[in-house]
Amino acid sequence: MEILKTKRLMQQWSRARKKKGKTICFVPTMGYLHQGHISLLEKGKPLCDELVLSIFVNPSQFGPNEDLDAYPMDIDNDLRLAAVAGVTAVFLPQKEDIYPPHFQTRICLDSLPHHLCGMSRPVHFGGVATVVTKLFHIVMPDVAIFGKKDFQQLQIIRQMTWDLDFNIEIMGGEIVREKDGLAMSSRNAYLTADQRKSALSLSRSLHMAGQVIAKGEKNPLVIEKEISCFIQSFPQTRIEYISFCDPATLETVGVIDKQILLALAVQVGKTRLIDNVLIDPPQ
Ligand code: PAF
């Protein structure tokens, strides 16, 4: 496994592989790898000749009062896990290499970033779209894989790839959950034991909503009321949003008569957690 610490070295590596006719699968991350990331690497491994992982905590996707400085890191463990997963190259750039002085370009999309997490994180998706664009130009992958836990991010990357004619296939990786249902996230590391219990309110309420919809409820407001009471019954929870929306546009739906995305963001203590599920109404 090669470790490439500058964009020049990464581009040289990718160009050399491409010259030899090799295909490249890419999994971009901010590190502190968990089973969710590993599942993306496992999905990507058989798809291409090379498997590239990037680890870069991207400052431009954090707002002023977010957890950039506290974001968990363990590069040695990440490299160990990457090697076991069959990664052939790790791109590990420095901030100054990605954002040199006087950097001033930002990718922005018209509507997808303004829903769900974008309502409270106005700079987030611009930062994601910008860094992913740069990473795509540096790594030059044929396929790139993003987790479905960040459903909105995945939709934004798909749209951007389509809009800007990137010749890259974007794939989604399933949400990986702990045994008790908590969606895996690097941010779970912030939770105390009590908060960890309250964090289960997210996956459980998604499950509850699925059951209510399966019984024929079509009104999102009725289900929202039920699951918001449920979440609030757990200590230290503060709901940021509960959204029943169209999975393609992320716009709120008024009636559940076709597949919907139910997406949640809940603050547990000081940790902001998200989770989602696609739900089909009964036929
Ligand atoms: O999902 C993430 O970890 C990040 O948003 C990404 C895609 C690596 C961009 O910084």
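Quick summary incoming for the structure in this document. Keep in mind that what you see is a predicted model, and the values were worked out from it rather than measured.

### Describing the pairing of strand β2 (residues 24-29)
Taking burial as the measure, the six residues of β2 include six buried ones, the bulk of the element. The alternating pattern of β2 places I24, F26 and P28 on one face and C25, V27 and T29 on the opposite face, and all of these are buried. Pairing between β2 and strand β3 (residues 50-55): six bridges, direction parallel. Residue T29 lies in a different strand from β3, and its bridge partner there is I55.

### Description of the nonpolar core
The biggest cluster of nonpolar side chains holds 41 residues, and the ones touching the most others in it are M10, V52, V132, F136, F146 and I170. Of all elements in the fold, only α1 (7-19), β2, β4 (89-91), α5 (124-139), β5 (143-147), α6 (151-163), β7 (237-245) and β8 (260-268) reach the threshold of two or more residues within this core. Per element, the largest residue contribution to this core is nine residues, and it comes from α5. Ignoring anything within four residues of it in the chain, the contact list for I170 reads F136, A144, F146, L154, I157, R158 and T161. Core analysis: the second largest hydrophobic core is formed by 24 residues, I231, F244, I256 and I260 among them.

### Some points on unusual backbone geometry
At H102, a position not held by glycine, the phi torsion is positive, near 75°. Secondary-structure assignment places H102 in the loop between α4 (95-98) and α5. Residue classification places H102 among the exposed positions, given a relative accessible area of 73%. Positioned with a positive phi, L116 is a non-glycine residue whose angle comes to about 40°. Judged by its relative accessible area of 4%, L116 falls in the buried class.

### As for the site of the ligand
Taken together, P28, T29, M30, N58, Q61, V128, V131, F146 and Q153 make up the full set of residues adjacent to the ligand. Here Q61 contributes a side-chain N or O atom positioned 2.6 Å from an oxygen atom of the ligand. Within the side chain of Q153, one N or O atom sits 2.7 Å away from an oxygen atom of the ligand. Within the complex, 88% of the 290 Å² of free accessible area of the ligand lies under protein. Placement of the ligand is best described as lying within the largest cavity. Listing elements by their share of the shell around the ligand, those giving two or more residues are β2 and α5.

### Concerning the environment of G86
Along the chain, G86 turns up in the loop between α3 (75-84) and β4. Along the primary structure G86 and L51 are separated by 35 residues, whereas in three dimensions their C-alpha atoms are 7.3 Å apart. Beyond its immediate sequence surroundings of up to four residues, G86 is in contact with K45 and L51.

### Here we look at the sheet that holds β7
Across the sheet, which stays open at both edges, the three strands sit in the order β7-β8-β9 with antiparallel pairing between neighbours. With partners counted over all chains shown, the strands left at the sheet margins are β7 and β9 (271-279), one partner each. Here the strands of the sheet are splayed against their neighbours by 15° on average, with no regard to which way each runs. Alignment of β8 against β9, held across nine bridges, turns out to be antiparallel.

Cut-off values and rules
- Residues numbered from 1 in each chain as written.
- Predicted model: local features only at pLDDT ≥ 70, side-chain atom pairs only at ≥ 80, totals over all residues.
- Heavy atoms only, no water.
- Buried < 20%, exposed > 50% of the residue type's maximum accessible area, 1.4 Å probe, protein only.
- Helix = DSSP H or I, 4+ residues; strand = E, 2+ residues; numbered from the N terminus.
- Pairing = 2+ DSSP bridges.
- Core = buried A, V, L, I, M, F, W, Y, C linked by side-chain atoms within 4.5 Å.
- Contact = heavy atoms within 4.5 Å.
- Near = heavy atom within 4 Å.
- Polar contact = N/O pair within 3.5 Å; in protein donor to acceptor, adjacent residues only side chain to side chain.
- Areas by Shrake-Rupley, 256 points an atom, 1.4 Å probe, with all protein chains shown as cover.
- 1 Å grid on protein atoms, 1.4 Å probe; cavity = no way out; pocket = protein on both sides within 12 Å on 5 of 7 lines; lining within 4 Å.
- Sits in = over half its atoms within 2 Å of the grid points.
- Axes fitted to C-alpha atoms, helices over the stretch in contact; angles between N-to-C directions.

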